[in-house]
Amino acid sequence: SGCVYAILSHGERGLYLSDQVTEIESNALNEHRDITTIVLPQSGNLVEVDTKLFENSSIDHVLCYSKTQYDAVKKQATEGVTVSLLAKTDNGFTYFMDDDGVVLTQAPATLTEFKGDELGADLPITAIGDRAFAQCADLVWGTIPETTTVIGAQAFENCTALQGVLIAGSGSMT
């Protein structure tokens, strides 16, 4: 079975689960207070979790690729844990919406230029998530829109062709 019993070494805030994972043992994250977000498998497959997983860890956010995942986790999540349903645009961008706006979580791997308006006028990007462009080795140039106030950790990691990023806003950014 695809059960996560323990994480041996990690060092990142997000835990990205592969499509083979079907369950997370309730004590699997006990030693990893640095992990605050779980991203469920992109396949949309259900991953079994129980309330104790959230009680025994620092998880405060779970990102789901399917309504089935969302409904199952929502039933088990304890107070203080946000469960978000991810959406994907026709042009391959993945995002979710929260109280602050739209969070870009993943750009398509083939992206070479990011203009900041790829989600459309109705979805202004307010935050760029951790590792959002990490699969974009051929990304040459990026423009962070004025609406964006947060850029996540390692957002441009592995962007080996990157020549520059223009930050369009004039306010503060974290």
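Look above for the structure.
Residues numbered from 1 in each chain as written. Predicted model: local features only at pLDDT ≥ 70, side-chain atom pairs only at ≥ 80, totals over all residues. Heavy atoms only, no water.

Colleague: Help me out: how do you make sense of the sheet that holds strand 6 (residues 82-85) in this one?
Modeller: Sheet strands pair by backbone hydrogen bonding; their relative direction is either parallel or antiparallel. Within the open sheet, the four strands sit side by side as 2-4-5-6. Their pairing is parallel. The open sheet terminates on both sides in strands that have one partner only, identified here as strand 2 (14-16) and strand 6. Across this sheet, the average inter-strand angle for adjacent strands is 15°, counted without regard to direction. (Pairing = 2+ DSSP bridges. Helix = DSSP H or I, 4+ residues; strand = E, 2+ residues; numbered from the N terminus. Axes fitted to C-alpha atoms, helices over the stretch in contact; angles between N-to-C directions.)

Colleague: In this structure, what is going on with the pattern of salt bridges? I would like to understand it.
Modeller: Where charged atoms from two side chains of opposite charge come close, those side chains can pair. Scanning the model with the defined rule gives three salt bridges in all. For lysine 67, the salt bridge identified is with aspartate 71, shortest N-O distance 2.7 Å. In this pair, lysine 67 and aspartate 71 are both assigned in helix 2 (residues 67-76), four residues apart and thus about one turn of the helix distant. Judged by its relative accessible area of 33%, aspartate 71 falls in the partly exposed class. The residue glutamate 157 makes a salt bridge to arginine 131 at a minimum N-O spacing of 2.1 Å. (Salt bridge = Lys/Arg side-chain N within 4 Å of Asp/Glu carboxyl O. Buried < 20%, exposed > 50% of the residue type's maximum accessible area, 1.4 Å probe, protein only.)

Colleague: Is there a simple way to explain the sheet that holds strand 14 (residues 164-167) in this structure?
Modeller: One open sheet holds the three strands; their spatial order is 10-12-14, and the pairing between them is parallel. Both outer strands of the open sheet, strand 10 (113-114) and strand 14, are each paired with one neighbouring strand and no more. Summarising the sheet, strand 10 and strand 12 (residues 141-144) pair through two bridges and their orientation is parallel. From the neighbouring strand, phenylalanine 114 faces strand 12, where its bridge partner is glycine 142.

Colleague: Explain the state of the cysteines to me, please; I cannot follow it from the model alone.
Modeller: Disulfide: a covalent bond formed between the sulfur atoms of two cysteine residues. Evaluated as defined, the whole model comprises zero disulfides. The structure places no disulfide on cysteine 64, whose sulfur is separated from the nearest cysteine sulfur, that of cysteine 3, by 18 Å. This cysteine, cysteine 136, is not joined by any disulfide, and cysteine 159 carries the nearest cysteine sulfur, 5.6 Å off. Classification of cysteine 136 as buried rests on a relative accessible area of 0%. (Disulfide = S-S within 2.5 Å.)

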